[in-house]
Amino acid sequence: MEHRVRSPLSERDVSRLSAGDIVWLSGTVYTARDKAHQRLGEVKFDLRGGVIYHCGPLIRDTTVVSAGPTSSVRLARYLPQVLDLGVRCIIGKGGMPGAAELLRGRAVYLAYPGGCGAAAARSLSVRGVSLPELGMAEAVWQLEATDLGPMVVAIDSHGRDLYREVRESAEKHLKR
């Protein structure tokens, strides 16, 4: 199924999304990498219903030049803190081991294709920045998205995790 959603997202919005669905997102998106996750409680933005994009964008003046996803696995340890701030959606690549149970009933994980930073940039514009002292890639950028996608619901709010399913299937076939 294909969905067009707008942030901020409600619990109902994310509950309609199922693993394997295609999503196009409009509305506010916040970038965050390692250093930003350590300081998310300090950001000047209200993250309730928000979307965190695991991304270190390249910004020239106020133009997004590139905004490809970074690997989410190393940010998984911050997931409880992120969800406690009310975030409803995380975008990244590679998945977040162990996230399915934490996301259940609260949020989704969307996979955005790696290597598509220039394509993503065409859908994004700068609205603001928090923690600029962390540098361009690590600051928390407030971006406005217009039909960002396509993205795949890789982990839904019902506990389904496509990454886990593929791993389990591969292990099963390798044992034959």
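Residues numbered from 1 in each chain as written. Predicted model: local features only at pLDDT ≥ 70, side-chain atom pairs only at ≥ 80, totals over all residues. Heavy atoms only, no water.

## A look at unusual backbone geometry
Piece 1. The omega torsion of the bond from S7 to P8 falls at 5 degrees, within 30 degrees of zero and hence cis.
Piece 2. With respect to the secondary-structure elements, P8 resides in the loop between strand 1 (2-6) and helix 1 (11-15).
Piece 3. G149 connects to P150 through a cis peptide bond whose omega is 5 degrees.
Piece 4. The backbone of D61 shows a phi angle near 60 degrees, a positive value even though the residue is not glycine.
Piece 5. By secondary structure assignment, the location of D61 is in the loop between strand 4 (58-60) and strand 5 (63-66). (Helix = DSSP H or I, 4+ residues; strand = E, 2+ residues; numbered from the N terminus.)

## Brief notes about the packing of aromatic side chains
Piece 1. Scanning the entire structure with this criterion turns up three aromatic pairs.
Piece 2. Aromatic pair Y53 and Y112: ring centres 6.3 Å apart, planes at 70 degrees, arrangement edge-to-face. Highlighted residues: Y53 in strand 3 (residues 51-53) and Y112 in the loop between strand 7 (108-111) and helix 5 (117-121), separated in sequence by 59 residues. Each member of the pair, Y53 together with Y112, is buried.
Piece 3. On the numbers, 6.3 Å between centres and 70 degrees between planes, the contact of Y109 with Y163 is edge-to-face. With a gap of 54 residues between them, Y109 in strand 7 and Y163 in helix 6 (residues 162-175) connect regions that are remote in the sequence.
Piece 4. Judged by its relative accessible area of 26%, Y163 is partly exposed. (Phe/Tyr/Trp six-rings, centres within 6.5 Å; stacked < 30°, edge-to-face > 60°. Buried < 20%, exposed > 50% of the residue type's maximum accessible area, 1.4 Å probe, protein only.)

## Some words on the pairing of strand 5
Piece 1. Here strand 4 runs beside strand 5; their pairing, made up of three bridges, is antiparallel. The residue of strand 5 that forms the bridge with R60 is T63.
Piece 2. Here strand 4 hands over to strand 5 after two residues, with D61 in that stretch at a positive phi of 60 degrees. (Pairing = 2+ DSSP bridges.)

## Focus: the pattern of salt bridges
Piece 1. All told, the structure shown has 10 salt bridges when counted by the stated rule.
Piece 2. The shortest N-O distance in the salt bridge between D147 and R4 comes to 3.1 Å. Residue D147 is located in strand 9 (residues 140-155), and its partner R4 is located in strand 1; the two are separated by 143 residues in the primary sequence.
Piece 3. By relative accessible area, which is 33% here, D147 ends up partly exposed.
Piece 4. On the basis of relative accessible area, R4 is assigned to the exposed category, the value being 55%.
Piece 5. Of the charged contacts, one joins E165 and R160 as a salt bridge, the two residues approaching to 2.7 Å between their closest N and O atoms.
Piece 6. The exposure class assigned to R160 is partly exposed, which follows from its relative accessible area of 37%.
Piece 7. Several salt bridges share partner residues, and in doing so they unite R39, E42 and E133 into one network. (Salt bridge = Lys/Arg side-chain N within 4 Å of Asp/Glu carboxyl O.)

## Observations regarding the nonpolar core
Piece 1. Core analysis: the biggest nonpolar cluster contains 29 residues, and Y53, V64, I91, L110, L124 and L148 have the highest contact counts within it.
Piece 2. For this core, the secondary-structure elements that each account for two or more residues are strand 2 (22-31), strand 3, strand 6 (89-92), strand 7, helix 5, strand 8 (124-130) and strand 9.
Piece 3. Take this core: its biggest share by element is six residues, from strand 9.
Piece 4. Residues A32, A76, L79 and L83 belong to the second largest nonpolar core, which totals 28 residues. (Core = buried A, V, L, I, M, F, W, Y, C linked by side-chain atoms within 4.5 Å.)

## Re the pairing of strand 7
Piece 1. The two faces of strand 7 match: V108 and L110 on one face and Y109 and A111 on the other face are all buried.
Piece 2. Strand direction decides the pairing type here: strand 6 and strand 7, joined by four bridges, are parallel. By the bridge assignment, G92 is partnered in strand 7 with A111.
Piece 3. Inspection of the sheet shows strand 7 paired to strand 9 by three bridges, in the antiparallel sense. Bridged to Y109 within strand 9 is I155.

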